[in-house]
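Examination of the molecular architecture
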Amino acid sequence: MVVLHYTAMESCDAAAERLCDPQFEVSAHYLIAENGEIHQLVDENMRAWHAGRGSWGDVADVNSHSIGIELANTGFHPFPEAQMQALETLLAGILKRHNIPANRVIGHSDMAPGRKIDPGIRFAWRRLATHGLSVWPACEAASATRFEEAAVAFGYPAELPTQDLLQAFRLRFRPHAGGPLDAADEAMISDLATRFPVDRSITSA
């Protein structure tokens, strides 16, 4: 799979220095600067330390099953056009090289609800989906599917508080929604779970 992050640092140079310093025990395969410059820090076939604690579907060791992409962004400003274009080009190549389906492009917040929020509410997930580089729900009609069950079927970690799952879901798919769980949340996650169920055949490491 591919996991997207933001650096939460003031500059791309500062992020690169941190990602290349062994004492911090954090790394990523790619770092994309605000101007669209792509830095490859780890070979795609090697393990990087970008994901940390969390899971997606049955995969508990996400670092061993994913390519990590860091976007230079503090988390408080929009992602520049040049950066998004570079990400789209990079993602298209990665998905083709490794035969990764679009539903396995996730955010750090997806695999670690309640612990991580990146790439955050300003990230254009719907834009990626229109280019076939991620997924997006197709409907907002009422649904009888239980939110928690559908969230786990889509890939979110099981046995987490509903509020953590809801926050992670909304960060990606309804970033400006508030209040308690509603029919739109249930319909959207039901559609995602039906069309893009997580691949449970992948063995946890």
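Anything mentioned here points back to the structure above.
Presented here is a report on the structure given in the accompanying data block. (Residues numbered from 1 in each chain as written. Predicted model: local features only at pLDDT ≥ 70, side-chain atom pairs only at ≥ 80, totals over all residues. Heavy atoms only, no water.)

**A short note on the packing of aromatic side chains**
- Tallying each qualifying case throughout the model produces 9 aromatic pairs.
- Relative to Phe 154, the ring of Trp 56 has its centre 5.5 Å away and its plane inclined at 85 degrees; by these criteria the two rings are edge-to-face. With Trp 56 in the loop between strand 3 (38–40) and strand 4 (67–71) and Phe 154 in helix 5 (residues 147–154), this residue pair connects regions lying 98 residues apart in the sequence. Taken individually, Trp 56 and Phe 154 each receive the classification buried, so the pair is uniform in this respect.
- Each ring, one from Phe 147 and one from Phe 169, has its centre 5.6 Å from the other, and the planes form 80 degrees; the classification is edge-to-face. Here Phe 169 lies in helix 6 (residues 162–173) and Phe 147 lies in helix 5, a separation of 22 residues in the sequence.
- The class of Phe 169 is buried, set by a relative accessible area of 0%.
- An aromatic cluster is present here, built from Trp 56, Trp 136, Phe 147, Phe 154, Tyr 156, Phe 169 and Phe 173 joined pairwise through their rings. (Phe/Tyr/Trp six-rings, centres within 6.5 Å; stacked < 30°, edge-to-face > 60°. Helix = DSSP H or I, 4+ residues; strand = E, 2+ residues; numbered from the N terminus. Buried < 20%, exposed > 50% of the residue type's maximum accessible area, 1.4 Å probe, protein only.)

**Regarding helix 5**
- All of the buried residues in helix 5 are Phe 147, Ala 150, Ala 151 and Phe 154. Projected onto a plane normal to the axis of helix 5, the buried residues spread over an arc of 100 degrees and lie on a single side.
- Gly 155 sits one or two residues past helix 5 and shows a positive phi near 140 degrees. (Arc of directions from axis to C-beta.)

**Comments concerning the pairing of strand 4**
- Most of strand 4 sits out of view: 5 of its 5 residues are buried.
- Alternating positions in strand 4 separate into two faces, Ile 67, Ile 69 and Leu 71 on one and Gly 68 and Glu 70 on the other, with burial throughout.
- Here strand 1 (residues 2–6) runs beside strand 4; their pairing, made up of 5 bridges, is parallel. Of the residues in strand 4, the one forming a bridge with Tyr 6 is Leu 71.
- Bridge count between strand 2 (residues 30–32) and strand 4: 3 bridges; the pairing is parallel. Pairing of Ile 32 across the sheet is with Leu 71, part of strand 4. (Pairing = 2+ DSSP bridges.)

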